[in-house]
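One letter stands for each residue in the lines below.
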Amino acid sequence: MLIAIAALAAGTYLIRLSGALLRKRITLSTHAEKVIKAGAMVVLLALTVTSSLLVDGGFAGWALPAGVLIGGVLAWRRAPLAVVVVAAAATTALLRLAGVA
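Here is a short report on the structure shown in this document. (Residues numbered from 1 in each chain as written. Predicted model: local features only at pLDDT ≥ 70, side-chain atom pairs only at ≥ 80, totals over all residues. Heavy atoms only, no water.)

This part takes up unusual backbone geometry. Despite not being glycine, Asp56 shows a phi value in the positive range, around 55°. On the secondary structure map, Asp56 appears in the loop between β1 (54-55) and β2 (58-59). Note on Asp56: relative accessible area 82%, which makes it exposed. Residues other than glycine seldom take positive phi values, yet Arg78 does so here, at roughly 65°. Relative to the assigned elements, Arg78 resides in the loop between α3 (63-76) and α4 (81-97). Since its relative accessible area comes to 76%, Arg78 is described here as exposed. (Helix = DSSP H or I, 4+ residues; strand = E, 2+ residues; numbered from the N terminus. Buried < 20%, exposed > 50% of the residue type's maximum accessible area, 1.4 Å probe, protein only.)

Our focus in this paragraph is α3. For α3, which comprises 14 residues, the first-to-last C-alpha distance of 20 Å matches the rise-based estimate of 20 Å (1.5 Å per residue) to within 8%. Taken residue by residue, α3 has Ala63, Leu64, Pro65, Gly67 and Gly71 as its buried positions. Of the residues flanking the end of α3, it is Arg78, one or two places downstream, whose phi is positive at about 65°. (Expected span 1.5 Å × (residues − 1).)

Next up on the list: the packing of aromatic side chains. Under the definition given, this model contains 1 aromatic pair. Measuring from ring centre to ring centre gives 5.2 Å for Phe59 and Trp62, while their planes differ by 70°; the resulting arrangement is edge-to-face. (Phe/Tyr/Trp six-rings, centres within 6.5 Å; stacked < 30°, edge-to-face > 60°.)

No statement about biological role is implied by the geometric values presented.
Pasting the structure below:
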């Protein structure tokens, strides 16, 4: 198990290092850059949706998605990060306290 962890850590490090080393050697077209940026956004969106809707393989309840929604709206409105995090956590906590699971 430790060998697998070490191999994955080394692979991750090498992938990150290759980006820094190859930055000046490889130029991408503007279309390729747009596709890569869009792909990154899709991955982040999918991660956000699955982690806010599912907990332990089941539906997380309505409080957690509501907190994520509040945080997302505040982040979209360019609120400071501390405000976004506190508002999202407070929304989730208050809804759970009110019995909305």
